[in-house]
Structure formats: C-alpha cells, structure tokens
Amino acid sequence: PPPPPPRPLRWRIGAGVLLGSVPAGSGVELSAQGGIELAWSATPWLAVGLRDVMVAPVVTSGRVSAGAAVFAELGWALRPWLVPHAQLGVDLRVMGIDDPRGRAARVGVAPMVILGVRALPARGFSVSLQTGLHAVVTDAWTTTTHALPAGAIGWSAGLSVAAHFS
C-alpha cells in the first residue's frame, strides 16, 4: 500500500517586523511594528492567532508598551509553496507599564488589516512579505517604537519567517 499522506501542519510560530514612518517634527522617523506570531490553522485556508507579541520601550515617550494583535487569516494556495493571505484583526497595546514618573498605564486599540504572500521553500518553513494598515481608535496607540494619536493610520511593510508543525 502507498504511504499515508503527511499530517497537516496546523501550528505556525514565527517572528516578523513591519517598518513604516511616523511624523516627527518637520520630517518623519522610521517606525517598527513586530514581534512573535503564533497561529493555528483550522483549515488549509483559515487560521487564527496572535501576532506582534512584544514588550518594548516607546521612543517618543520613554514609556514601555506591551501587547499583541488578535487576528483571523484567509489564505489562498496558488501553488503548494505560494500562499497569498489576508489578516484582519485588532492590535491591543498597554502603554506605560512600569512608568518611572508614576503615570497610569493606558490601553491603545487599532483595528488592522495585513496583506501578504507566504512562500514555503521547504516543508515546515515559510517566509512572508507583508504590508499592513493600523487605524488608531483610542486616544493613542503604539507601534513597537512610537506612539500614534487617535485617528492616525499607520502603514508599514516587512517580512515574517515562521516554522510550521502539526
């Protein structure tokens, strides 16, 4: 009899960074959004998870931010090794944890959409090129490095690498 097909790779753990720019004085500064990603694939085309799990200092305020984005992802396998995908979710950041001036921590919320193309050069490994938009709906929200005010829309693009396992 033929060997059984390989088990589906349901879990993904990886790391990624999206780079963008934010207004600063009369110019702009480089901003980063990124961290660890953990996802579970319910089907070959649907995944749910957390991304951009990170604790980092916010450059503009000297305060520390911690948070993650909850997302659902739809993917379309054009080839077994090429998967365009879209993630919809909400990024939540607690800003000002362990503040040296004793200011209260605040929660920032930014709905997001991430579009990307994931290449799988080997079973169990992927590289994804991504671009994303985050819309700030609270009085402030942070990227990994900068605070953005209410109403701001942050655009960024970058790379993610991940291991896939069953």
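For the structure itself, consult the block above.
Residues numbered from 1 in each chain as written. Predicted model: local features only at pLDDT ≥ 70, side-chain atom pairs only at ≥ 80, totals over all residues. Heavy atoms only, no water.

Draft legend 1. Quick peek at the environment of G62. Along the chain, the position of G62 falls in the loop between β3 (46–57) and β4 (64–75). Measuring from C-alpha to C-alpha, the distance between G62 and L159 comes to 27 Å, with 97 residues separating the pair along the chain. (Helix = DSSP H or I, 4+ residues; strand = E, 2+ residues; numbered from the N terminus.)

Draft legend 2. The environment of V94, seen in detail. Residue placement: V94 occurs in strand β5 (residues 82–97). Sequence separation between V94 and A66 is 28 residues; the distance between their C-alpha atoms is 5.3 Å. Excluding residues within four positions of it along the chain, V94 makes contact with V64, S65, A66, A105, R106 and V107. (Contact = heavy atoms within 4.5 Å.)

Draft legend 3. Examining the side chain of S128 more closely. Mapping S128 onto the fold places it in strand β7 (residues 125–135). For S128, a relative accessible area of 2% translates into the label buried. At 3.4 Å, the side chain of S128 and the side chain of Q130 are in polar contact. Residues contacting S128, with those up to four places away along its chain left out, are H85, V117, R118, G158, L159 and S160. (Buried < 20%, exposed > 50% of the residue type's maximum accessible area, 1.4 Å probe, protein only. Polar contact = N/O pair within 3.5 Å; in protein donor to acceptor, adjacent residues only side chain to side chain.)

Draft legend 4. Seen up close, the pairing of β4. Pairing of β3 with β4 involves 10 bridges; the strand directions are antiparallel. Residue pairing for β4: A56 is matched across the bridge by S65. For β4 and β5, the ladder comprises 12 bridges, and the chain directions are antiparallel. For A69, the partnering residue across the bridge sits in β5 and is D91. Hairpin connection, β4 to β5: the antiparallel pair is bridged by 6 residues. (Pairing = 2+ DSSP bridges.)

Draft legend 5. Expanded view of unusual backbone geometry. In the Ramachandran plot, D52 falls in the positive-phi region, its phi being about 55° despite a non-glycine side chain. Inspection of the secondary structure assignment puts D52 in strand β3. Given the relative accessible area of 3%, D52 is considered buried.

Draft legend 6. Structural view of a nonpolar patch on the surface. A contiguous nonpolar surface patch, about 820 Å² in accessible area, is contributed by W11, I13, I36, L38, W40, V48, L50, V53, V70 and F165. Elements represented by at least two residues in the nonpolar patch include exactly β1 (11–24), β2 (27–43) and β3. The class for I36 is partly exposed, based on a relative accessible area of 43%. (Patch = residues over 30% accessible without salt bridge, like charges linked within 9 Å, V, L, I, M, F, W, Y side chains within 5 Å. Areas by Shrake-Rupley, 256 points an atom, 1.4 Å probe, with all protein chains shown as cover. Salt bridge = Lys/Arg side-chain N within 4 Å of Asp/Glu carboxyl O.)

By themselves these figures say nothing about function.
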